Amino acid sequence: MLRAEHITVRYGEHTVVEDLSFRLEEGQWLMLVGPNGAGKSTLIEAIAQGVPYAGTFLLEGRDIRTLKAAQRARKVGVLAQKNAVGYAYSVEEVVGLGRYAHTSGFLSAGDGEGKARVEQALAATGMTKLRHASVLTLSGGELQRTFLAQVFAQNPQLLILDEPANHLDLIYQKHIFSLIRDWLRQPGRAVLSVVHDLSLAKKYGTHAVLLDKGRCVSQGETGAVLTQDNLARVYDMDVYAWMRDLLSQWR
Amino acid sequence: MKTTDRFSRRGYALFVLALLAAMLLCICVGSVSIPLSNTLTALWNTLWRLPMPQGVSANIIVHVRLPRVLNVALVGASLSLCGAAMQGLLRNPLADGSTLGVSSGASLGAVIALVFGITIPGTDYGGVMLMAMAFAFGSLVLILTLAYALDRSLSTNSIILIGVIFSMFVSSAMSLLISMADEHVRSIAFWTMGSLSGTNFKQAALSAAALLICGSVLLRYARELNAFAIGEDNARHIGVNVRRVKLIILIVGSVMIGVCVSIGGTISFVGLVTPHMTRMIVGPNHRKLLPASLFSGAIFLLLADLVARTVLSPVELNIGVVTSLVGAVAFVAIFYRTRKAR
């Protein structure tokens, strides 16, 4: 579904992502893993055409650069890491904008399908009750769920999520991750996400790309990538021992 | 908290009534006060080319006050619409032609056209208007480039900083022009302080045309403006052609500001105050905010013009002085509120 070929991103002299290639097939959930500054969010912004890059992203065989913005948005939905709203829009208005790429013009308030999608998205993220609330009054988790609902309303084939667990309490972490896994069961879909919590990455990811300072250290099936050796090299600590130590607190 | 209470047809009807009332008030009140019945008779009879009854001063109503009121309403509506669009586009409630320095840039263009005698043959204001538009757009591009270089998120602080620096630059350029050509001092004062006194039907027709064309374009982009107001990255993610839409809105906004400045000089803060107040009534959704801002801008500027004409009568204040007084206070209030919200 998505092929990244020799992607390089530079900010001035500083190389953030260097010569990165990977493939994401239908039905896969690819986890981008790596320490802070590894280039994960930058890579996501590059796919979303938010930063200039060298190399090519092929979406179903077509260079993503050649797609129009709305065409791209019908196929690829992006949840950014930071979402802040400056004005008092209602939750429903923000979620409804997810339908932008599917409708056009001033008068087309929304297709019938669009309304249903918005309802579904609000319900799935538990935001139906808060639909008329101003986004300025929401908690961090509620805001995160609002933007997640927007991406669901957008109904893309490829979901790109930068830290979807951000600000979410445990109940919603579990709920949202299960939701995304269910979403993925439909044919023709795939997920690419940045996750800092390695346990979540291991539990939900089918595949992983381990990044360090913009370079790929390892990629493949999650189990083969997130090995003790690989993680020790990238994080410069015994990750396995630390994870077991954390877990032992619950015995 | 409910934010977007339905702003319905009744709301627009109220806006229309308030606008008509403000227009009639402004025609009736002035150095010579005219009874409402006489005003209505004069307007009605002129419209249908009926003979004027005794004792009705049709001349002052139809040839002095009516064109002025039309110009004030149209300029107010245009500036307010521009302000609403800019505030959405830049996701900043303090963005506006005057705070950004676009209006003063436009008036610099107009003054340069005057001082150096730049004209377009066969037109009265063509040279001035074209220079005002070109300088408005140039200023906008320059200011945004500088602000982006400072920080990509276009924060309130950097916008204000750049606006202040640019306005200082423009005022020194104006001083330079004044010392080079002091016979133009009076007209330069007009451009910097703004006035719609003595404007005619031709100018009203011109700003009506500009408002009709540019306003339709801006209304067409209401959804995109909502997306920008939520965040430029988010707009890109949901499929807005960010660069194209931004460029179109900035060009259209500059044209409108250029036309307004070439008719009435720099009238500050209208585009800041009225969209802000309107947003409090109708909510931030641009589908309602943009049309509602048209009305509120027209009403606000009509009342400001009324104050300018009457408060020190027989001396007439420049309208820009009145809007700046009101606007500066509102600016401080909004600034403190946005800072607190952080």
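The rules behind these values
Every chain begins its residue count from 1, and numbering advances along the sequence as written. Starting at A for chains and at 1 for ligands, labels are handed out in the order in which the entities are written. In keeping with the predicted nature of the model, local features appear solely for residues at pLDDT of at least 70, side-chain atom pairs appear and are counted solely at 80 or more, and the whole-chain, interface and lining totals rest on all residues. Note that the side-chain values use all heavy atoms of the structure and ignore hydrogens as well as water. Secondary structure is summarised from DSSP: a helix means a run of H or I of at least four residues, a strand means a run of E of at least two, and numbering begins at the N terminus for each. Accessibility here uses a 1.4 Å probe with only protein chains present; expressed as a share of the type maximum, an area under 20% marks a residue as buried, one over 50% as exposed, and anything in between as partly exposed. In what follows, a contact means two residues having at least one pair of non-hydrogen atoms within 4.5 Å. Surface accessibility follows the Shrake-Rupley procedure with a 1.4 Å probe radius. Residue values consider only the protein chains on display as shielding. In summary, the charge assignment counts Lys and Arg as positive and Asp and Glu as negative, without counting His or the chain termini. Where a charge lies is defined by one atom per residue type: Lys uses NZ, Arg uses CZ, Asp uses CG and Glu uses CD. When the centres of two rings from Phe, Tyr and Trp lie within 6.5 Å, Trp using its six-membered ring, the rings pair. Their planes under 30 degrees apart give stacked, over 60 give edge-to-face, and anything left gives tilted. Strand pairing is assigned whenever DSSP identifies at least 2 bridges connecting the two strands. Structural elements are reduced to axes, namely lines fitted to C-alpha atoms, with helices fitted over the stretch in contact, and the angle between N-to-C directions of any two is expressed from 0 to 180 degrees. Reported buried area values correspond to the accessible surface (1.4 Å probe) lost by two parts on association, with both partners' losses combined. The salt bridge criterion pairs a side-chain nitrogen of Lys or Arg with a carboxyl oxygen of Asp or Glu, the two atoms within 4 Å. Any pair of N or O atoms that falls within 3.5 Å is considered a polar contact. Within protein, one atom must be able to donate a hydrogen and the other to accept it, and sequence-neighbouring residues count only if both atoms are side-chain atoms. Note on residue classes: Ala, Val, Leu, Ile, Met, Phe, Trp, Tyr, Cys and Pro are nonpolar, Asp, Glu, Lys and Arg are charged, and everything else, Gly too, is polar. Nonpolar side chains (Val, Leu, Ile, Met, Phe, Trp, Tyr) within 5 Å and like charges within 9 Å form the patches, drawn only from residues with over 30% relative accessible area and no salt bridge. Just so you know how the angles are binned, under 35 degrees is roughly parallel, over 145 roughly antiparallel, 65 to 115 roughly perpendicular, and the rest oblique. Left-handed describes a crossing in which the near helix is turned anticlockwise from the far one by less than a right angle; the clockwise case is right-handed. Only buried Ala, Val, Leu, Ile, Met, Phe, Trp, Tyr and Cys residues count toward a nonpolar core, and they belong to the same one when joined by side-chain atoms within 4.5 Å.

(A) Here's a closer look at the overall build of chain A. A tally of regular secondary structure across chain A gives 10 helices and 10 strands. Counting only C-alpha atoms, chain A reaches 55 × 50 × 35 Å along its principal axes. A buried classification covers 52% of the 251 residues belonging to chain A. Long-range contacts, defined here as pairs at least 24 residues apart, represent 66% of the contacts in chain A between residues at least 6 apart. Summed over all atoms, the accessible surface of chain A reaches about 11600 Å², with 52% contributed by carbon and sulfur. Of the charged side chains in chain A, 28 are positive and 26 negative, and the gap between their average positions amounts to 4 Å.

(B) Just the packing of aromatic side chains, in detail. All names here are of chain A. For the structure on display, the rule yields seven aromatic pairs over all chains. Between the aromatic rings of Trp29 and Tyr204, the centroid separation amounts to 5.8 Å while the plane-to-plane angle is 40°, which identifies the pairing as tilted. Here Trp29, found in strand 3 (residues 29-33), pairs with Tyr204, found in helix 7 (residues 198-204); they are 175 residues apart in sequence, far enough to count as distant. A relative accessible area of 6% means that Tyr204 is categorised as buried.

(C) Inspection of the sheet that holds strand 8 (residues 190-194) of chain A at higher detail. Residues and elements named next belong to chain A. Spatial ordering of the open sheet is given by 6-7-8-3-9-10, a layout of six strands whose pairing is mixed. Every interior strand has two partners, whereas the edge strands, strand 6 (76-79) and strand 10 (215-221), have only one. Taken pair by pair, the neighbouring strands of this sheet meet at an average axis angle of 15°, ignoring direction. The pairing of strand 3 with strand 9 (residues 207-212) spans four bridges and is classified as parallel. Looking across to strand 9, one finds that Val33 is bridged to Leu210.

(D) How the structure looks around the interface of chain B and chain A. Taken together, the contacts link 32 residues of chain B with 38 residues of chain A. In total, about 2800 Å² of surface goes out of reach between chain B and chain A, with carbon and sulfur atoms giving 54% of it. Applying the counting criterion to the chain B and chain A interface returns one salt bridge. For Glu45 of chain A, the salt bridge is made with Arg236 of chain B, and the minimal N-O distance between the two is 3.2 Å. Across the contact surface, chain B and chain A share 15 residue pairs in polar contact (both at pLDDT 80 or more). Those elements that provide at least two residues to the side of chain B that touches chain A are helix 3 (58-89), helix 9 (201-220), helix 10 (222-230), helix 11 (232-237) and helix 14 (286-310) of chain B. For the side of chain B that touches chain A, the element with the highest residue contribution is helix 10 of chain B, accounting for eight residues. The residue makeup of the side of chain B that touches chain A, split by class, is 11 nonpolar, 12 polar and nine charged.

(E) Layout of a nonpolar patch on the surface. Judged by side-chain polarity, Trp44, Leu47, Trp48 and Leu50 of chain B come together as a nonpolar surface patch covering roughly 500 Å² of accessible area. Tracing the backbone through its elements, the reader meets Trp44 of chain B in helix 2 (residues 36-47).

(F) Seen up close, the pattern of salt bridges. All names here are of chain B. All chains considered together, the criterion is met by 18 salt bridges over all chains. Notably, a salt bridge pairs Arg220 with Glu224, separated by 3.8 Å at the nearest N-O pair. Connected through salt bridges with shared partners, the residues Arg68, Asp305, Arg309 and Glu316 form a single ionic network.

(G) Region of the structure containing the sheet that holds strand 5 (residues 62-63) of chain A. Residue and element names in this part refer to chain A. Taken in spatial order, the four strands of this open sheet run 2-1-4-5, and their pairing is antiparallel. Every other strand in the sheet has two partners, leaving strand 2 (14-24) and strand 5 as the edge strands with one partner each. Bridge count between strand 1 (residues 2-11) and strand 4 (residues 54-59): five bridges; the pairing is antiparallel. Residue pairing across strands places Ala4 opposite Phe57, the latter belonging to strand 4.

(H) Examining the packing of helix 3 of chain B against helix 10 of chain B more closely. Residue and element names in this part refer to chain B. Where helix 3 contacts helix 10, the two axes come as close as 7 Å, and the packing angle between them is 50°. With respect to each other, helix 3 and helix 10 are oriented oblique. Residues Ala85, Gly88 and Leu89 of helix 3 pack against Leu225, Phe228 and Ala229 of helix 10.

(I) Looking closely at the pairing of strand 8 of chain A. Residues and elements named next belong to chain A. Of all five residues making up strand 8, five are buried, and the element is well covered by its neighbours. What you see with strand 8 is no split at all: Ala190, Leu192 and Val194 on one side and Val191 and Ser193 on the other are buried throughout. Examined bridge by bridge, strand 3 and strand 8 share four bridges and lie parallel to one another. Residue pairing for strand 8: Trp29 is matched across the bridge by Val191. For strand 7 (residues 158-162) and strand 8, the ladder comprises five bridges, and the chain directions are parallel.

(J) Quick peek at the packing of helix 13 (residues 270-282) of chain B against helix 14 of chain B. Residues and elements named next belong to chain B. With their axes 8 Å apart at the nearest point, helix 13 and helix 14 run at an angle of 125° to one another. As judged from the angle between their axes, helix 13 and helix 14 are oblique. In this structure, helix 13 crosses over helix 14, and the sense of that crossing is right-handed. Here Val270, Val273, Thr274, Pro275, Thr278, Arg279 and Val282 of helix 13 come into contact with helix 14, specifically with Lys288, Leu289, Ala292, Ser293, Ser296, Gly297, Phe300 and Leu301. Across the contact of helix 13 with helix 14, the residue classes break down as eight nonpolar, five polar and two charged.

(K) Representation of the nonpolar core within the structure. With 154 residues, the main nonpolar core has Leu301 and Leu302 of chain B as its most contacted residues. The element contributing the most residues to this core is helix 3 of chain B, with 16 residues. Apart from residues no more than four positions distant in its own chain, Leu301 of chain B is found in contact with Val72, Val75, Gly76, Leu196, Ile267, Val270, Ile319 and Thr323 of chain B. Judged by nonpolar contacts, the second largest core, of 33 residues, contains Met1, Ile7, Val9 and Leu211 of chain A.

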